[in-house]
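Residues per chain, in single letters:
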Amino acid sequence: MQVGNARYLKPGDLPESVVVFPLSGALLLPGAQLPLNVFEPRYLAMFDAAIAGNRLIGMIQPALGEPPESSNLAHVGCLGRITSLSETGDGRYIAALTGICRFRLMDEITAHQPYRTFRITPFISDLKSHHEEGTVDRPALLSAFRAYLEANKLEADWESVERADNMMLVNSLSMMAPFDPAEKQALLEAPDLKTRAETFIAIVKIVLAGSGDTDSLLQ
């Protein structure tokens, strides 16, 4: 997988450990971009260290169903490369991470830093997920997306949507949809692209059913 100026093709291209950025409701998936507004001092320091090193950061959610003060994290996150970074002049960074592959969190590495570092086990199959392109039911996915937009009176750049390949389409739609943290984690942990697309469609159906607007999805 080509991400920014780097290529990640095999296990040796990935780190054994990574700094992690816990953020509830934030979802990063392979090949897609996640914009970030970084302002906490510990995470500014983390981005400084990443830029000086391999430019890699692990996005992960706090553990679901636990109190806000809990330090526990979800078991699966996504490794991202900093592909854009600008200073605002008021002490913030505006950054973008591009997803490389998912990872499973292993043990934490004790370090004298304000941010956390963990050993990880990468999902190597994500580096070659383009072979899954043909497994996605694209018409069903677009139908669900269109129904969701109509129910929420939203618009989309359909020209860009039509140009996107299936991997980019599934992952970008999963990231941009305002689902709750548990639904975001379910999309992240879907075993393959086909299942992620089916999960997205299922979540949209549940959301529309809850709002009493299912007619548009059935058309």
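Above this note sits the structure.
Numbering of residues starts from 1 in every chain and runs along the sequence as written. In view of the model being predicted, local features appear only for residues whose pLDDT reaches at least 70, and side-chain atom pairs are presented and counted only at 80 or more, with totals across whole chains, interfaces and linings using the full set of residues. With hydrogens and water excluded, all non-hydrogen atoms of the structure serve as input to the side-chain values.

### Thoughts on the side chain of R102
Checked against the element boundaries, R102 lands in strand β7 (residues 93-109). In the analysis that follows, any N or O atom pair within 3.5 Å is treated as a polar contact, provided that within protein one partner can donate a hydrogen and the other can accept it, and provided that, for residues neighboring in sequence, both atoms belong to side chains. There is a polar contact of 2.9 Å between the side chain of R102 and the backbone oxygen of L188. Within the structure, the side chain of R102 is placed 2.7 Å from the backbone oxygen of A190, a separation counted as a polar contact. Contact criterion: two residues are considered in contact whenever any of their non-hydrogen atoms come within 4.5 Å of each other. Once you skip the residues sitting within four places of it in the chain, R102 turns out to touch P30, V76, G77, C78, P122, F123, D126, L188, E189, A190, P191 and R196. Runs of H or I in DSSP of at least four residues are treated as helices and runs of E of at least two as strands, each being numbered from the N terminus.

### Some details on the packing of aromatic side chains
For Phe, Tyr and Trp, where Trp contributes only its six-membered ring, two rings pair if their centres lie within 6.5 Å, and the inter-plane angle classes them as stacked under 30 degrees, edge-to-face over 60, or tilted in between. Enumeration according to the criterion identifies five aromatic pairs in this entry. Aromatic side chains F21 and Y43 sit 4.5 Å apart centroid to centroid with 25 degrees between the ring planes, which places their arrangement in the stacked category. In this pair, F21 is assigned in strand β3 (residues 17-22) and Y43 in helix α1 (residues 41-52), connecting sequence segments 22 residues apart. Since its relative accessible area comes to 6%, F21 is described here as buried. Geometrically, the ring pair formed by F179 and F200 is tilted, given 5.7 Å between the ring centres and 55 degrees between the ring planes. Of the two residues, F179 sits in the loop between α4 (166-176) and α5 (181-189) while F200 sits in helix α6 (residues 193-211), which places them 21 residues apart along the sequence. Assigned by exposure class, F179 and F200 land together as buried. What links up through ring pairs into an aromatic cluster is the set F21, Y43 and F47. It is R146 that lies over the ring of W158; its NZ or CZ is 4.6 Å from the centre. Working definition: with a 1.4 Å probe on protein chains only, accessible area under 20% of the residue-type maximum means buried, over 50% means exposed, and in between means partly exposed. Criterion for a charge above a ring: Lys NZ or Arg CZ within 6 Å of the ring centre, and within 35 degrees of the ring normal.

### Examining the pairing of strand β6 (residues 76-87)
In this sheet, β6 lies alongside strand β5 (residues 56-60) in antiparallel orientation, the contact comprising four bridges. Within β6, the position partnered with L56 by the bridge is R81. With eleven bridges connecting them, β6 and β7 associate as antiparallel partners. What sits directly across from S86, in β7, is I94. Pairing between two strands is assigned when DSSP locates at least 2 bridges connecting them.

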